[in-house]
Amino acid sequence: MLVDGIGLLATGDPQRGAGPLGTIPDATVVIDGGRVAWVGPSRSLPEAAGEDRLDVGGRCVLPGFVDAHTHLLFGGERAEEFAARLAGHPYTAGGIRDTVAATRAATDDELRRSAGRLATEALRGGTTTLEVKSGYGLTVDDERRLLEVAAGLETPGLPRVHRTFLGAHVVPPEYAGRADDYVTLVCDAMLDACAPLAAWCDVFCEQGAFDTEQSRAVLYAGKEHGLGLRIHANQLGRGPGARLAAELGATSADHLTHLTDDDIAALAGAGVVATLLPAAEFCTGSPPAPARRLLDAGATVALASDCNPGTSYTTSMALVVALACRTLGMTPDEAVHAATAGGAAALGLDDVGRVVPGHHADLLVLNAPSPVHLAYRPGVPLTWAVLRAGAEAWRAP
């Protein structure tokens, strides 16, 4: 199959074209077996490259977004909490427990429909790969069933899903005053039940959630169960999370709103991907994460939606890109790269996030001439078509 008539192709590989996004004007992509077989200027198209064609009419094509931090699995919603924040009440993570109660009460079918709706919404916005966390069950059985629901999202018509165990999200009400006992449950019975269904182990290392030693214990246990490591860090204030991520060699540290220079040096030096969530800061009124300082220090930066019912109820990676440009001081090229190749790095993936031979043919076709329009026209639905593994997964009506 050929995707041609591309006005501008952003490959994500600066060695294949101009600028940080490796752009190629008047380009063609050849797809074979669901993967990219060739990319380049249309004039250089190899003979016998194929007869099936998708002509995109001069539009811009870029890699599908890789959303490396979401909480799609939940019951209920928290609109009243959002309104309270607008009235001046600060976010303290307490609302997570409200979602836990609603999630425990929800049926599997209700959770499946809700998560499927959000995953469909994400795909139509150009997301072809996303991470999905548990974390709103906080019992052995509920955490396992959330991951089982997430496994059911892995269908050709939705983004490909990578599952994260987040049993250490907060201490549930039944363990109030007994946080260490809950950590023991997470490290033992809960991980035994959930690790076979997940690729990653995450923990919320923050005041009001889990302290340094508790977080270290959870991540050690996750590693012993064969899971990769992620961490919610430095969201609500300065704290130990970023340095713990560097110490343990976590693949990604997420949020990172409040960082010292030493935190940034530690993350960059350890090769921890800094996954930033500007929509969460937008929704909570928090200060912006120091993206420019991270980039200048040589850290790999990813952007993600943090889709959840309390602090970032959006699946729009286009909005995330626009916010990163306006509030984090990132250029459009940096933001698009962070939302594609950066997200792939945050998930430890080497076959998505770029349009290069061997990668999955996950393409986002914009109804625009360049990726800059994602920030230039915020809030406008610019998706014209989405290809997942070379098949057209959605087309704008």
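Further up the page is the structure itself.
As a starting point, this report considers the structure included with it. This one's a predicted model, so the numbers in the text were calculated from it and none came from an experiment.

1. Some words on the packing of aromatic side chains
Next, step 1: Taken as a whole, this structure holds four aromatic pairs when the rule is applied.
Next, step 2: Look at Phe74 and Tyr136: their rings are 6.4 Å apart centre to centre, the planes differ by 85°, and that puts the pair in the edge-to-face class. Taken as a pair, Phe74 in the loop between strand E6 (65-67) and helix H1 (79-86) and Tyr136 in the loop between strand E7 (127-133) and helix H4 (140-151) lie far apart in primary sequence, 62 residues in all. This pair shows no difference in class: Phe74 is buried, exactly as Tyr136 is.
Next, step 3: Taken together, a centroid distance of 6.3 Å and an interplanar angle of 25° make the contact between Tyr182 and Phe210 stacked. A residue pair is termed long-range when its members are at least 10 positions apart, and Tyr182 in helix H5 (residues 179-194) and Phe210 in the loop between strand E9 (200-205) and helix H6 (212-224) qualify at 28 residues. Of the two residues examined, Tyr182 and Phe210, each falls in the buried class.
Next, step 4: Grouping aromatic residues by their ring pairs yields a cluster made of Phe74, Tyr136 and Tyr313.
Next, step 5: Positioned over the ring face of Trp200 is Arg230, at 4.6 Å from the centre of the ring.

2. Observations concerning the sheet that holds E9
Next, step 1: One open sheet accounts for eight strands, arranged E6-E7-E8-E9-E10-E11-E12-E13; its pairing is parallel. Lying at the two open borders of the sheet, with one neighbouring strand each, are E6 and strand E13 (301-303). With strand direction ignored, the average angle separating the axes of adjacent strands in the sheet is 25°.
Next, step 2: In this structure, strand E11 (residues 252-255) lies alongside strand E12 (residues 273-276), joined through three bridges in parallel fashion. When the bridges of E12 are listed, Ser252 appears paired with Val273.

3. Some thoughts on the packing of H6 against helix H7 (residues 241-248)
Next, step 1: Orientation of H6 relative to H7, taken along the N-to-C sense of each, is 35°, at an axis distance of 11 Å. Of the two possible hands of crossing, H6 and H7 adopt the one that is right-handed. Mapping the contact onto sequence places Thr212, Ser215, Arg216, Leu219 and Tyr220 in H6 and Leu244, Glu247 and Leu248 in H7.
Next, step 2: Its residues placed into classes, the contact of H6 with H7 shows four nonpolar, two polar and two charged.

Criteria and cut-off values
- Residues numbered from 1 in each chain as written.
- Predicted model: local features only at pLDDT ≥ 70, side-chain atom pairs only at ≥ 80, totals over all residues.
- Heavy atoms only, no water.
- Phe/Tyr/Trp six-rings, centres within 6.5 Å; stacked < 30°, edge-to-face > 60°.
- Helix = DSSP H or I, 4+ residues; strand = E, 2+ residues; numbered from the N terminus.
- Buried < 20%, exposed > 50% of the residue type's maximum accessible area, 1.4 Å probe, protein only.
- Lys NZ or Arg CZ within 6 Å of the ring centre and 35° of its normal.
- Pairing = 2+ DSSP bridges.
- Axes fitted to C-alpha atoms, helices over the stretch in contact; angles between N-to-C directions.
- Left-handed = near helix turned anticlockwise from the far one by under 90°.
- Contact = heavy atoms within 4.5 Å.
- Nonpolar A, V, L, I, M, F, W, Y, C, P; charged D, E, K, R; others polar.

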